[in-house]
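Residue strings, one per chain:
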Amino acid sequence: MDETRRKVMEVLNGKCLTPPPIWLMRQAGRYLPEYRQTRAVAGSFLDLCYTPELAVEVTLQPIRRYAFDAAILFSDILVIPDALHRNVRFEEGHGPRMDPIDEDGIKGLDAGGVSRHLAPVFETVTRLRRELPGETTLLGFCGAPWTVATYMIAGHGTPDQAPARLFAYRHPQAFDRLLGFLADVSADYLVAQLDAGADAVQIFDSWAGVLGEDEFARFAAEPVRRIIASVRARRPSARIIAFAKGAGTLLKTYRQATGADAIGLDWTVPLSFAAELQKDGPVQGNLDPMRVVAAGQAMESGVDRILDALGNGPLIFNLGHGITPDADPANVAALVSRVRGYR
Ligand SMILES: Cc1c2[nH]c(c1CCC(=O)O)Cc1[nH]c(c(CCC(=O)O)c1C)Cc1[nH]c(c(CCC(=O)O)c1C)Cc1[nH]c(c(C)c1CCC(=O)O)C2
């Protein structure tokens, strides 16, 4: 019965709410002492992702503290390569690592066991929808094929994704096959999350910003279009947020090119440009996460500028990227009350 009052869903349906609903990317994470505590008993990071009881707990932690308008499933974009037997691990202080894939590896990719491997994630979603307050939107997510491919090709994170860019030029057919394969697996994964109880989903293209214009169209926008078309063909009412970090002016045609309902904005997107994008539909963002670390006037003025520029259109308040481990939880409380105090 509270379903009708899920504010993030209302905005995704095009409504303008004052104050806007708020959630934060990476809202479950190391800046919260209770997360660090659960993380310490979980074993590996992937164990945490694949243990429904613990994944539910860490998803709920920021909801208990701040009553955010959306909860985002606790998992990671790299569970897809993990399900594809790429030997994914998260090493303390190193970030993610996996076996780098080559042309033969791409030929041999097999989606056979993926949904069985990811069954604990769907179980987490179902439990979350039962345990969350009725008015809280539950978001599922996946990585965009380009961003997931950058990690699969390099075998780890890099500053500019040079290995994936080089591979794409040298082996265009294998690279196309990889992106198409990831798009199809990701579409199935999102449909399964929606069926398990997610209200809407977000597609994270965190590394879109390293691509030139032509490559952005082919490697970032096109595979995301393919995911969205496939999800919509099966679940016509699905609501989808697409976040292409660093895409700059290439965002101008991104909504139309992908079919996304809402567009995520990183903190470098000028608010005047954001207001233009908002004429075509909902936007989400875009406070610099460092303003939350800095707090005080830096945070307040950043919030006010976003609300003044975008508060009269369909807006989901968020950061321009994930909250960082050095953010003080008290600053997040101040952020939420500043946004909720807006009239
Ligand atoms: C690129 C990317 C990844 N993962 C993700 C992205 C896209 C968004 C973005 O750009 O931030 C997405 C992601 N990762 C995580 C979530 C959980 C939900 C939420 O937002 O609260 C989500 C939505 C948890 C996580 N994923 C990770 C952590 C930290 C690991 C830990 O707690 O030990 C969390 C909470 C690990 C991770 N996972 C990834 C990296 C590069 C790292 C290491 C960097 C780091 O440690 O912050 C890959």
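Residues numbered from 1 in each chain as written. Predicted model: local features only at pLDDT ≥ 70, side-chain atom pairs only at ≥ 80, totals over all residues. Heavy atoms only, no water.

Explain the overall build of the protein to me, please; I cannot follow it from the model alone.
For the protein, the count of helices and strands is 17 helices and 9 strands. A principal-axis box enclosing the C-alpha atoms of the protein has dimensions of 55 × 45 × 40 Å. Expressed as a percentage of its 343 residues, the buried residues of the protein come to 57%. If you take every contact in the protein between residues at least 6 apart in sequence, the share linking residues at least 24 apart comes to 73%. Carbon together with sulfur atoms contributes 49% to the accessible area of the protein, which is approximately 14,000 Å² in total. (Helix = DSSP H or I, 4+ residues; strand = E, 2+ residues; numbered from the N terminus. Buried < 20%, exposed > 50% of the residue type's maximum accessible area, 1.4 Å probe, protein only. Contact = heavy atoms within 4.5 Å. Areas by Shrake-Rupley, 256 points an atom, 1.4 Å probe, with all protein chains shown as cover.)

Looking at this model, I keep getting lost on the UniProt feature "domain: Uroporphyrinogen decarboxylase (URO-D)" (unreviewed entry) in the protein. Mind explaining?
With numbering aligned to this structure, UniProt lists the feature "domain: Uroporphyrinogen decarboxylase (URO-D)" (unreviewed entry) at residues 21–30 and 139–155. Across residues 21–30 one finds 0% helix and 0% strand; the C-alpha atoms that close the span lie 23 Å apart. (UniProt positions renumbered as here; feature names shortened; annotations may be inferred.)

Can you walk me through the pairing of strand β4 (residues 137–143) in this structure?
Remark: a regular strand shows side chains that alternate across the two faces of the sheet. Among the 7 residues of β4, 7 are classified as buried, and the element is accordingly described as predominantly covered. Burial along β4 is two-sided: the residues T137, L139, F141 and G143 and L138, G140 and C142 are all buried. Looking at chain direction, strand β1 (residues 70–72) and β4 are connected through 3 bridges and run parallel. Considered in β4, the bridge of A70 is made with T137. (Pairing = 2+ DSSP bridges.)

Looking at this structure, how should I read the pattern of salt bridges?
Close approach of charged atoms allows side chains with opposite charge to pair. Throughout the structure, instances matching the rule amount to 20 salt bridges. Across the salt bridge formed by R65 and E34, the nearest N and O atoms sit 2.7 Å from each other. With R65 in helix α4 (residues 52–66) and E34 in helix α2 (residues 33–42), the pair connects residues that are 31 residues apart, well separated along the chain. Notably, a salt bridge pairs R89 with D99, separated by 3.4 Å at the nearest N-O pair. Taken together, the positions of R89 in strand β2 (residues 89–91) and D99 in the loop between β3 (95–97) and α6 (103–107) put the pair 10 residues apart, joining distant regions of the chain. (Salt bridge = Lys/Arg side-chain N within 4 Å of Asp/Glu carboxyl O.)

Help me out: how do you make sense of the side chain of N331 in this one?
With respect to the helices and strands, N331 occurs in helix α17 (residues 329–340). Reaching out from N331, the side chain makes a polar contact with the backbone oxygen of V293 at a distance of 3.5 Å. Aside from chain neighbours lying at most four places away, what touches N331 is V292, V293, A295 and M299. (Polar contact = N/O pair within 3.5 Å; in protein donor to acceptor, adjacent residues only side chain to side chain.)

Just to check I follow, could you spell out the packing of helix α16 (residues 296–310) against α17 for this structure?
Between two packed helices, both the angle of their axes relative to each other and the distance between the axes serve to describe the pair. Orientation of α16 relative to α17, taken along the N-to-C sense of each, is 30 degrees, at an axis distance of 10 Å. The crossing of α16 and α17 is right-handed. Contact with α16, carried on its side by M299, E300, V303, D304 and L307, involves N331, A334, L335, R338 and V339 of α17 and no other residues of that element. (Axes fitted to C-alpha atoms, helices over the stretch in contact; angles between N-to-C directions. Left-handed = near helix turned anticlockwise from the far one by under 90°.)

What should I look at first to understand helix α12 (residues 213–234) in this one?
Helical periodicity: at 3.6 residues per turn, an α-helix aligns residues three or four positions apart in one direction. The end-to-end C-alpha distance of α12 is 31 Å, a good match for the 32 Å that 22 residues give at a rise of 1.5 Å each. Of all the bends in α12, the greatest, near 35 degrees, is centred on A221, and the proline P223 appears no more than four residues after it. The complete set of buried residues in α12 reads E215, F216, F219, A220, A221, P223, V224, I227, I228 and V231. For α12, the elements touching its buried residues are α9 (145–154), α10 (162–170), α11 (172–196), β5 (200–205), β6 (240–244) and α13 (254–258). (Expected span 1.5 Å × (residues − 1). Bend = angle between axes of the 7 residues up to and from the residue.)

Would you take a moment to explain unusual backbone geometry for this structure?
Backbone torsion omega between T18 and P19 reads -5 degrees, so that peptide bond is classified as cis. Within the secondary structure, P19 is located in the loop between α1 (7–12) and α2. For the bond running from G285 to N286, omega is -15 degrees, close enough to zero to count as cis. At H85, a residue that is not glycine, the phi angle is positive and equals roughly 65 degrees. Mapping H85 onto the fold places it in the loop between α5 (79–83) and β2. Of note in this structure, Q161 is not a glycine but carries a positive phi near 55 degrees. Positionally, Q161 belongs in the loop between α9 and α10.

Got a minute to help me understand the site of the ligand in this structure?
Neighbouring the ligand are 21 residues, the closest being R30, Y35, D76, S206 and H321. One of the backbone N or O atoms of A28 is found 3.2 Å from an oxygen atom in the ligand. The contact in question runs from an oxygen atom of the ligand to an N or O atom on the side chain of H321, over 2.7 Å. Expressed as a share of its isolated accessible area of 880 Å², the protein-covered part of the ligand is 88%. (Near = heavy atom within 4 Å.)

Can you help me understand the packing of aromatic side chains in this one?
For any pair of aromatic rings, the description rests on two quantities: the centre-to-centre distance and the angle between the ring planes. What the rule picks out here adds up to 12 aromatic pairs. Ring geometry for F45 versus F74: centroids 5.8 Å apart, planes at 75 degrees, classification edge-to-face. Here the residue F45 occupies a position in helix α3 (residues 45–50), and F74 occupies one in the loop between β1 and α5, the gap between them amounting to 29 residues. Judged by its relative accessible area of 8%, F74 is buried. Centre to centre, the rings of F122 and Y189 are 5.9 Å apart; their planes meet at 55 degrees, and the pair counts as tilted. Of the two residues, F122 sits in helix α8 (residues 119–131) while Y189 sits in helix α11, which places them 67 residues apart along the sequence. Since its relative accessible area comes to 15%, F122 is described here as buried. Exposure remark for Y189: the relative accessible area of 4% places this residue in the buried category. (Phe/Tyr/Trp six-rings, centres within 6.5 Å; stacked < 30°, edge-to-face > 60°.)

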